[in-house]
Amino acid sequence: MKYDFTSIMNRQGKDAIAVENIPIPGAAVREGFDKIPMWVADMNFPTVPTIPEAIIERAKHPAYGYFRPTDEYFNSIIKWHEIRNGVTGLTKECIGYENGVLGGVVSALNIYCSKGDNVLLHSPTYIGFTNCITNNGYRIVHSPLVKDADGVWRMDFEDMEKKIVENKIHATVFCSPHNPCGRVWERWEIEKAMEIYKKHDVFVVSDEIWSDIILSGHKHIPTQSVSEDARNRTVAIYAPSKTFNLAGLVGSYRIVYNKWLQDRMEKESSLSHYDSLNVLSIHALIGAYKPEGYEWVDELRETITGNVNFACDYIAKHFEGVEVSKPEGTYMLFLDCTKWCEKHGKTIDELQKAGVAVGVIWQDGRPFHGPCHIRMNLALPLSRVQEAFERLDKYVFNA
Ligand SMILES: Cc1ncc(COP(=O)(O)O)c(C=O)c1O
């Protein structure tokens, strides 16, 4: 590989919550074990060098006053979506800045809904959605994803329609690819969901923050691309943050084709008075969406595909009672530990603490609606993933 996905990066003392925090209350790492960060959704790979180069180049000019994004910024986004997702007809006018993807989700709900309105979400659900939607005065109605005979998470279209009608729902947040289940939705699935939304006048926020992290054999289909109606009823939100490990720089964007929605989003996003670009994060995006960035993401996808294959094979062979649907996108595993806990007479809290004790810093799945689940981040060099699984084998699942 051209880029470095094998060196172990020392993030200690570098402001990284991935290594500074332990997300399981009361859990601690035993002496003799180093921490392997496998929880919050950032990566333990150095990003593509064109990003720090672009930031440093801009930083050399010692004035960072008010500014406007350049055409280079918009053109970089337009080209990225054309080349990676086959999107045509995207213009500068359709692109709007958002500090964060979640802020964009809330802005879109604010124009779609009245306070207290019901919003449809699939469960399991990304914890950030739960927090920002409820904190902003909306009620979430869940339509559970269900595993098919092959263990693939699927939408339950009948249930979605029933919930929409019963709860008078006119807004939904669609997560594509899905965090934490790792589904990369197929075209027919998105089409079918969008037909239901059209039939019942449901406006859509499509969170596509994970759309670049698609594993081998799968393809991301932008929600807005499935029909003319989908293009017009959807606010889609993207960012280079997940793809290139830039969450700490802040900087996302929305794509909206419908003129009325564009104007409403522009107005709503401006209300906090500071939903504006950071000059260094603009240059980071331009550096990310350079030709090197395209190559880097392809190598990242290959690396994560390898890690996912390793982890899922290891679980199937060694961790009896732990169930997982193989992700098709993202770098998250959502482990169902129900059978293991039952068999070993352990609670999910005890299991989670046992992992942390040997340095595997993983995350409680309950806030994502997995009652006996663990969410695990695989964006690390394979040697670290192997080390984590060997520790889990020896000290936790088969101790
Ligand atoms: C589906 C999804 N949306 C949004 C976010 C957060 O985005 P931001 O930090 O830009 O608000 C995450 C982070 O993990 C995520 O998984």
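What counts and what doesn't
- Residues numbered from 1 in each chain as written.
- Predicted model: local features only at pLDDT ≥ 70, side-chain atom pairs only at ≥ 80, totals over all residues.
- Heavy atoms only, no water.
- Helix = DSSP H or I, 4+ residues; strand = E, 2+ residues; numbered from the N terminus.
- Rg over C-alpha atoms; globule rule 2.2 N^0.38 Å.
- Buried < 20%, exposed > 50% of the residue type's maximum accessible area, 1.4 Å probe, protein only.
- Areas by Shrake-Rupley, 256 points an atom, 1.4 Å probe, with all protein chains shown as cover.
- Lys, Arg positive; Asp, Glu negative; His and termini not counted.
- Charge placed at Lys NZ, Arg CZ, Asp CG, Glu CD.
- Near = heavy atom within 4 Å.
- Polar contact = N/O pair within 3.5 Å; in protein donor to acceptor, adjacent residues only side chain to side chain.
- Nonpolar A, V, L, I, M, F, W, Y, C, P; charged D, E, K, R; others polar.
- Core = buried A, V, L, I, M, F, W, Y, C linked by side-chain atoms within 4.5 Å.
- Contact = heavy atoms within 4.5 Å.
- Expected span 1.5 Å × (residues − 1).
- Arc of directions from axis to C-beta.
- Axes fitted to C-alpha atoms, helices over the stretch in contact; angles between N-to-C directions.
- Parallel < 35°, antiparallel > 145°, perpendicular 65-115°, else oblique.
- Left-handed = near helix turned anticlockwise from the far one by under 90°.
- Salt bridge = Lys/Arg side-chain N within 4 Å of Asp/Glu carboxyl O.
- Pairing = 2+ DSSP bridges.

A. Fine view of the overall build of the chain. If you tally the helices and strands in the chain, you get 15 helices and 14 strands. In summary, the chain has a C-alpha radius of gyration of 21 Å against a globular reference of 21 Å for 399 residues, a match within 12%. The buried share among the 399 residues of the chain stands at 56%. Per element, the accessible surface of the chain, about 17,300 Å² overall, is 51% carbon and sulfur. Charged side chains in the chain number 44 positive and 52 negative. The centres of these two groups are separated by 2 Å.

B. Main features of the site of the ligand. Surrounding the ligand, one finds Ala-41, Gly-100, Val-101, Leu-102, Tyr-126, Cys-175, Asn-179, Asp-207, Ile-209, Trp-210, Lys-242 and Ser-252. Backbone polar atom of Val-101 to an oxygen atom of the ligand: 2.8 Å apart, as the coordinates give it. In this structure, Trp-210 approaches the ligand through a side-chain N or O atom, which is 2.9 Å from an oxygen atom. Calculation on the ligand without its partners gives an accessible area of 400 Å², and the protein chains cover 84% of this total. Classifying every residue of the shell around the ligand by side-chain character gives seven nonpolar, three polar and two charged.

C. Focus on the nonpolar core. Membership of the largest hydrophobic core comes to 106 residues, with the highest contact counts inside it found for Tyr-73, Leu-109, Tyr-112, Phe-244, Leu-351, Trp-362 and Phe-389. The biggest single contributor to this core is helix H12 (residues 291-318), with eleven residues. Those residues in contact with Tyr-112 that lie beyond four places of it in its chain are Ala-171, Phe-203, Val-204, Val-205, Arg-233, Thr-234, Val-235 and Leu-261.

D. Representation of helix H10 (residues 259-270) within the structure. Its twelve residues give H10 an end-to-end C-alpha distance of 17 Å, which sits within 8% of 16 Å, the value for a rise of 1.5 Å per residue. Along H10, the residues classified as buried are Leu-261, Gln-262, Met-265, Glu-268 and Ser-269. Buried residues in H10, looked at end-on, bunch into an arc of 140°, giving them a common side. Opposite its buried face, H10 presents the exposed residues Lys-259 and Glu-266, each directed more than 90 degrees away. Tucked into the core, H10 has its buried residues touching strand E2 (95-98), helix H4 (101-112), helix H8 (228-233), strand E9 (234-238) and strand E10 (252-255).

E. Fine view of the packing of H4 against helix H5 (residues 127-135). It is at 10 Å that the axes of H4 and H5 come closest, and there the two elements cross at 45°. Between H4 and H5, the interaxial angle falls into the category oblique. Both H4 and H5 take part in a crossing whose hand is right-handed. Each of Leu-102, Val-105, Val-106 and Leu-109 in H4 lies in contact with H5, whose residues at this interface are Gly-128, Phe-129, Cys-132 and Ile-133. Here the contact of H4 with H5 is built from residues that sort into seven nonpolar, one polar and no charged.

F. Structural context of the environment of Lys-219. Looking at where Lys-219 falls in the secondary structure, it is placed in the loop between strand E8 (203-207) and H8. As a C-alpha pair, Lys-219 and Lys-147 span 72 residues in sequence and 20 Å in three-dimensional space. Ignoring sequence-local partners within four residues, the contact set of Lys-219 consists of Arg-84, Val-184, Trp-185 and Ile-214.

G. Representation of unusual backbone geometry in the model. Between Ser-123 and Pro-124 the backbone carries a cis peptide bond, its omega angle lying at -5°. Looking at where Pro-124 falls in the secondary structure, it is placed in the loop between strand E3 (118-123) and H5. Even without being glycine, Lys-168 reaches a positive phi, approximately 50°. Tracing the sequence through the fold places Lys-168 in the loop between helix H6 (157-166) and strand E7 (171-175). Accessibility expressed as a relative area gives 68% for Lys-168, which makes it exposed.

H. Just the environment of Val-40, in detail. Tracing the chain through its elements places Val-40 in the loop between strand E1 (36-37) and helix H2 (50-59). The partly exposed category is assigned to Val-40, whose relative accessible area is 21%. Leave out the neighbours within four places in its chain, and Val-40 touches Ile-17, Ala-18, Met-332, Gln-363, Arg-375 and Asn-377.

I. Seen up close, the side chain of Glu-208. Mapped onto the secondary structure, Glu-208 falls in the loop between E8 and H8. Buried Glu-208, no salt bridge; nearest opposite-charge side chain is Lys-219, N-O distance 11 Å. A polar side-chain atom of Glu-208 sits 2.7 Å from a polar atom in the side chain of His-220. Looking at Glu-208, its side chain comes within polar contact range of the side chain of Thr-223, at 3.2 Å. Beyond its immediate stretch of four places on either side in the chain, Glu-208 contacts Ser-176, His-220, Pro-222, Thr-223, Ala-236, Ile-237 and Tyr-238.

J. Expanded view of the pairing of E10. Burial of the side chains of E10 extends over both faces: Ser-252 and Arg-254 are buried on one face and Tyr-253 and Ile-255 on the other. Sheet topology note: the E2/E10 ladder contains four bridges and is antiparallel. Bridging across to E10, Tyr-97 finds its partner in Tyr-253. The pairing of E9 with E10 spans three bridges and is antiparallel. Its bridge partner being in E10, Ala-236 is matched across the sheet by Ile-255.

K. Structural context of the pattern of salt bridges. In total, this model carries 26 salt bridges according to the counting rule given. Note that Glu-166 and Lys-162 form a salt bridge whose closest N and O atoms lie 3.5 Å from each other. Here Glu-166 pairs with Lys-162, and both are found in helix H6, just four residues apart, close to one helical turn. Exposure remark for Glu-166: the relative accessible area of 53% places this residue in the exposed category. In this structure, Arg-391 engages Glu-387 in a salt bridge whose closest nitrogen and oxygen atoms are separated by 2.7 Å. One end of the pair is Arg-391 and the other is Glu-387, both in helix H15 (residues 382-397) and four residues apart, which spans about a single turn. Overall, Arg-391 belongs to the buried group, its relative accessible area being 6%. Three or more residues are tied together by salt bridges with common partners; here these are Asp-148, Arg-154, Arg-183, Glu-186, Glu-189 and Glu-328.

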